[in-house]
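Now for the letters of each chain:
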Amino acid sequence: MMSSFLRRHTFLLLTLLIFALAAFARAGALKNYVTPDEPVWVLRSLNFSQALARGDWAATAQMGHPGVTTMWLGSLGIAVKRAVDPIASTDAITWLSGLPSLAPENAEAFKRLGVFLTFARLPVIVVNALGVVMAVWLLRRLFDQRVAIIGGLFLAVDPFVAGLSGLLHVDGLLTTFMLLSVLALLIGIRDQGLGLRWFALSGVLAALAFLSKSPALFLLPFTLLTLFAAVLTRSLSLKRAVLGFLSFVIVYLSLFIVLYPAMWVDAVGTFNGIVGLAAFLSANPVRPTFFEGQYVLNHGAAFYPTALIYRLTPVVMIGLIVAVAAVIINARTTAAHV
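Chemist: Help me understand unusual backbone geometry, please; the structure alone is not making it clear to me.
Modeler: Comment: phi is negative for the bulk of residues other than glycine, and the bulk of peptide bonds are trans. The amide bond that connects H65 to the next residue, P66, takes the cis arrangement and shows omega of 10 degrees. The phi torsion at K31 lies on the positive side, around 65 degrees, for a residue other than glycine. If you trace the backbone, K31 turns up in the loop between α2 (10-26) and α3 (38-54). The phi dihedral of R234 falls on the positive side, at around 60 degrees, and the residue is not glycine. Tracing the chain through its elements places R234 in the loop between α11 (219-232) and α12 (238-259).

Okay, structure coming up:
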């Protein structure tokens, strides 16, 4: 009976294993180290939750990134911390309430913010680990079970992705939601018998990505160009492409507004703040970095491919080798049958 159960539920059990691996890998930072930006996001999450509590919707715009999903999740973790340890939480919040800004030399402020960091990280870890599971299910529908499991394992244990996805920060959430949005979009193009639900789901995930960090705005033109290419290749009818894009955009805009209270009172100003910061950061380096013996703001074009090579972890390199080998084998197999 046990073997029969395992055969019937193999995919579910493997998915649970991948979730456990993903959560374990993303929990590596807990009680071990703190990255420079995280205390700032703790403070922003505190300010965000307090603005929600008093109905000051405009004050929920803490940063132009905009980091809204990070602050929602950080606020949830802080609320749990306040419930399980009210004395330490109240003491820290009382002290921090008089803090106008966070200066790098303010050691006491960092100590108070550290009270909440572990609990603030936990919801981010869980959401990003669940994102890996959702990617597995989407990959299974888009390809097959083998591809889904292999891809899920790579996503779960890749050191660079896992490291970013365990922090109270924006980049891990951005990566998770952008990946899921693209997968849902591709399923919507291929599986045309399920109405427009996949395009709507892609819009939901794209909105969450944009609420995480402004580079996700790239998903709008990407989706449009992908649908246009699908029409040109006759993978999709023009009517379905138009309806699919409208579904994507309507859901995208609706969710973005619903989950970002600052949009309720000043939509234009809030959106301009996001785009303005993105434009500024894309044109102006804000802190010097060390490269080829120099500590400067701008290293030139050579910096980026070099940095990319260093960030391609062994897990990614193995995945690329396997992918190239699979393409070559499939091409030879197809040629042999022609």
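Chemist: Which parts of the structure should I look at to understand the nonpolar core?
Modeler: One broad trend across soluble globular proteins is that nonpolar side chains are buried collectively. By size, the foremost hydrophobic cluster in this structure holds 60 residues, and its most contacted members are V42, L46, L113, F116, L168, F256 and Y260. The element best represented in this core is helix α6 (residues 107-142), accounting for 13 residues. Once residues within four sequence positions are removed from consideration, L46 is found in contact with I78, I93, L96, L113 and F116. Counting residues in hydrophobic clusters, the runner-up holds 7 residues, among them L185, I189, L236 and A241.

Chemist: How should α3 be read in this particular structure?
Modeler: Structural remark: α-helix, 3.6 residues per turn; residues separated by three or four positions point the same way. Its 17 residues place the ends of α3 24 Å apart at the C-alpha level, agreeing with the 24 Å of an ideal helix rising 1.5 Å per residue. Looking at α3, one finds that the buried residues are E38, P39, W41, V42, L43, R44, S45, L46, F48 and A51. Residues of α3 that are buried make contact with α4 (68-84), α5 (86-96) and α6. Residue G55 follows α3 closely and has a positive phi angle near 75 degrees.

Chemist: How do you make sense of the pattern of salt bridges when you look at a structure like this?
Modeler: Side-chain pairs of opposite charge can arise whenever the charged atoms involved come near each other. Scanning the model with the defined rule gives 8 salt bridges in all. The salt bridge involving D91 is made with R112; its shortest N-O contact spans 2.5 Å. Separated by 21 residues along the polypeptide, D91 in helix α5 and R112 in helix α6 bring together distant segments of the chain. A salt bridge links R190 to D191; the nearest nitrogen and oxygen atoms lie 3.1 Å apart. A residue is classified by how much of its surface remains accessible, and R190, at 43% relative accessible area, is partly exposed.

Chemist: Can you walk me through the packing of aromatic side chains in this structure?
Modeler: Each aromatic ring pair is specified by the distance between its two centres and by the angle formed by the two planes. Going through the model one piece at a time under the given rule, you end up with 12 aromatic pairs. Aromatic side chains F210 and F256 sit 5.0 Å apart centroid to centroid with 20 degrees between the ring planes, which places their arrangement in the stacked category. Placement of F210 in helix α10 (residues 197-212) and of F256 in helix α12 is noted, with a sequence separation of 46 residues between them. Taken individually, F210 and F256 each receive the classification buried, so the pair is uniform in this respect. With centroids separated by 6.4 Å and ring planes inclined at 10 degrees, the aromatic side chains of F245 and F248 adopt a geometry described as stacked. Here F248 and F245 lie together in helix α12, a separation of 3 residues that amounts to about one turn. Here F248 falls in the buried class, since its relative accessible area comes to 1%. Between R44 and the ring centre of W41, over which it is positioned, the NZ or CZ distance is 4.4 Å. The residue whose ring lies beneath R140 is F11, and the NZ or CZ to ring-centre distance is 4.0 Å.

About the criteria used
Residues numbered from 1 in each chain as written. Predicted model: local features only at pLDDT ≥ 70, side-chain atom pairs only at ≥ 80, totals over all residues. Heavy atoms only, no water. Helix = DSSP H or I, 4+ residues; strand = E, 2+ residues; numbered from the N terminus. Core = buried A, V, L, I, M, F, W, Y, C linked by side-chain atoms within 4.5 Å. Buried < 20%, exposed > 50% of the residue type's maximum accessible area, 1.4 Å probe, protein only. Contact = heavy atoms within 4.5 Å. Expected span 1.5 Å × (residues − 1). Salt bridge = Lys/Arg side-chain N within 4 Å of Asp/Glu carboxyl O. Phe/Tyr/Trp six-rings, centres within 6.5 Å; stacked < 30°, edge-to-face > 60°. Lys NZ or Arg CZ within 6 Å of the ring centre and 35° of its normal.

Remember, this is a structural readout, not a statement about activity or role.
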